[in-house]
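Commentary on secondary and tertiary structure
Here's the letter readout for the chains.
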Amino acid sequence: MSEKTTKIRAAVLRELPGKWTIEDLELSAPKPGEVLVKVMAAGLCHSDDHHRSNDLPLPNLPAVVGHEGAGVIVALGEGVTDLEVGDHIVCSFIPSCGKCKWCSLGMQNLCDFGRFILEGTQIDGTFRIKDADGKDVATSAMLGTFSNFQIMDQSSVIKVDKDVPFEVACLVACGVPTGIGSARNMANVQVGDIVVVVGIGGIGINAVQGAAMSGAQRVIAVDPIEYKRTRALEFGATEAFATIAEAEKFAKSLTNGQGADSAIVTVGVITSEIVAQTYATIRKAGTLVVTAMGNHAEELSGINLFDLAMMQKRIQGNVYGGWSPRVAVPILLDMYKRKEIKLDELITRTYKIDEINEAYDDMRNGKNIRGVIVHEH
Ligand SMILES: NC(=O)c1ccc[n+]([C@@H]2O[C@H](COP(=O)([O-])OP(=O)(O)OC[C@H]3O[C@@H](n4cnc5c(N)ncnc54)[C@H](O)[C@@H]3O)[C@@H](O)[C@H]2O)c1
Ligand SMILES: [Zn+2]
Ligand SMILES: [Zn+2]
């Protein structure tokens, strides 16, 4: 194990709301149970922008966020036995300890280590990065993939085959499993179903592809941006509308006024109003999956409780597509290699870390399905 520190280049959040600053920082050597990762590619998920906008506040600043990542292990901490230097890995924004009740139940996406995701520390409660003034720098999700090197706990990394490009592999760290799992696991889409997906970004496009591969008869995409609607049709949507009201009308026209079997909310910034509008699209005993996030203090209103109970509808929360990361990542990459899911097509544009503010402007302006940072070393 190396005791040396590593010079790193990362995008740092210093105030919230704010912008990213690109800084040279110092990363400590891996502690027991940790690995040093040369981060090769990082996906630009909207959740990191929720930190920047302070919708999802970080208690410790400055911070390096970023939670979709793929890279190569370059050093091992003590006690790491099932990973080797040179291994290619995908990280998971949900660590899996393998021992807590939720991991034991096969629900790694609810692992008790999830409590460190917003805290900004590793599991011993300390930080791994120092800035130029010697101040501690936090990381989100025990990861911080907007850095060209990073320390990760062994519970956060999943070894993957070396023949998958890093830009593609990083997407199965969050967007792909969360989206596909929204449809397959959380909405439990069945052959012949009618499914509405609201918001076609990196998550929603995968909910579309997940619904289509589950045998949905109709996959109705909703996004106000025409480019997103066009892309949704390439990923298996059968119709695409600009508004939720149009999707509701169409789903009801197919079902004698009853509505869709399920609807999935994957907009960038969720509000009660969007959830209530989407709820109106589902039928009796239908399922509404809430995948998107917005301001952390937002509460649900606008849904009639008599209708919820008497129509036996279900509102389903969702983290990581209700999937265990160590199950989902190898399955999804194998499906990619067998051409059963589209991953290359998700990447609209790649950026350098110095371009991260522009990259997130592009996301907010609806230009990208997924932008990906390709790190330099
Ligand atoms: N639950 C989880 O585990 C999990 C994991 C990852 C991301 N997320 C959340 O999922 C959401 C989507 O993330 P993303 O990276 O795909 O975002 P994104 O910004 O790439 O895509 C969001 C899309 O929603 C569209 N949109 C906005 N308002 C809309 C409306 N009223 N109706 C229809 N479409 C609308 C936008 O045009 C955009 O195309 C975010 O809130 C993110 O934080 C949740
Ligand atoms: Zn994400
Ligand atoms: Zn666990």
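Residues numbered from 1 in each chain as written. Chains lettered and ligands numbered in written order. Predicted model: local features only at pLDDT ≥ 70, side-chain atom pairs only at ≥ 80, totals over all residues.

Structural notes on the overall build of the protein
The helix and strand inventory of the protein stands at 11 helices and 18 strands. Its C-alpha atoms give the protein principal-axis dimensions of roughly 70 × 40 × 35 Å. The proportion of buried residues among the 377 residues of the protein is 51%. (Helix = DSSP H or I, 4+ residues; strand = E, 2+ residues; numbered from the N terminus. Buried ≥ 20, exposed ≤ 12 C-beta atoms within 10 Å, placed from the backbone.)

Quick word on the environment of Leu308
Inspection of the secondary structure assignment puts Leu308 in helix α9 (residues 305-310). By C-beta crowding, Leu308 is classed as partly exposed, having 14 other C-beta atoms within 10 Å. In this structure, the C-alpha to C-alpha distance between Leu308 and Gly286, residues 22 residues apart in sequence, is 10.0 Å. Setting aside its immediate chain neighbours within four residues, Leu308 contacts Ile303 and Lys313. (Contact = placed C-beta atoms within 7 Å.)

A look at the sheet that holds strand β16 (residues 314-317)
What the six strands build is an open sheet, ordered β13-β12-β11-β14-β15-β16; its pairing is parallel. Both edges of this open sheet fall to β13 (239-241) and β16, since each of them pairs with a single strand only. The sheet shows a mean angle of 20° between the axes of neighbouring strands, direction not considered. Pairing between strand β12 (residues 218-222) and β13: three bridges, direction parallel. Note that in β13 the partner of Ala221 across the bridge is Ala240. (Pairing = 2+ DSSP bridges. Axes fitted to C-alpha atoms, helices over the stretch in contact; angles between N-to-C directions.)

What to know about the nonpolar core
Formed by 113 residues in total, the largest nonpolar core has its most connected members in Val195, Val197, Val208 and Ile220. In terms of residues, this core owes the most to one element, strand β3 (residues 34-43), which gives seven residues. Here this core spans two domains, since at least three of its residues come from each of domain 1 (6-173 + 343-374) and domain 2 (179-318). For Val195, the contacting residues outside a window of four places in its chain are Ala183, Ala187, Val189, Ala211, Ala216, Val219, Ile220, Ala260, Asp261 and Ser262. (Core = buried A, V, L, I, M, F, W, Y, C linked by C-beta atoms within 7 Å. Domains from an automatic or database assignment.)

Brief notes about unusual backbone geometry
Residue Leu16 is joined to Pro17 through a cis peptide bond whose omega torsion reads -5°. Topologically, Pro17 is positioned in the loop between β1 (6-13) and β2 (20-27). Pro62 follows Leu61 through a cis peptide bond whose omega is -5°. Checked against the element boundaries, Pro62 lands in the loop between α1 (46-52) and β4 (63-64). A positive phi is found at Ala141, a non-glycine position, where the angle reads about 60°. When you line up the elements, Ala141 lands in the loop between β8 (136-139) and β9 (149-153). You will see that Tyr320, though not glycine, has its phi angle at about 55°, which is positive. Here Tyr320 shows up in the loop between β16 and α10 (325-337). Residue Tyr320 is classed as buried on the basis of its C-beta count, with 24 C-beta atoms lying within 10 Å.

So, the site of ligand 1
What surrounds ligand 1 is a group of 32 residues, the closest being His46, Gly199, Gly201, Ile203 and Gly268. In terms of residue count, α1 provides more of the shell around ligand 1 than any other element does, three residues in total. Here the shell around ligand 1 spans two domains, since at least three of its residues come from each of domain 1 (6-173 + 343-374) and domain 2 (179-318). (Near = placed C-beta within 6 Å.)

Let's talk about the domain arrangement of the protein
Here the domain parsing of the protein yields domain 1 (6-173 + 343-374) and domain 2 (179-318). Each of domain 1 and domain 2 has a C-alpha centre, and the two are 29 Å apart. At the junction of the two partners, domain 1 supplies 12 residues and domain 2 supplies 13 residues. For the side of domain 1 that touches domain 2, the element with the highest residue contribution is α1, accounting for three residues. Partitioned by chemical class, the residues of the side of domain 1 that touches domain 2 number five nonpolar, five polar and two charged. (Nonpolar A, V, L, I, M, F, W, Y, C, P; charged D, E, K, R; others polar.)

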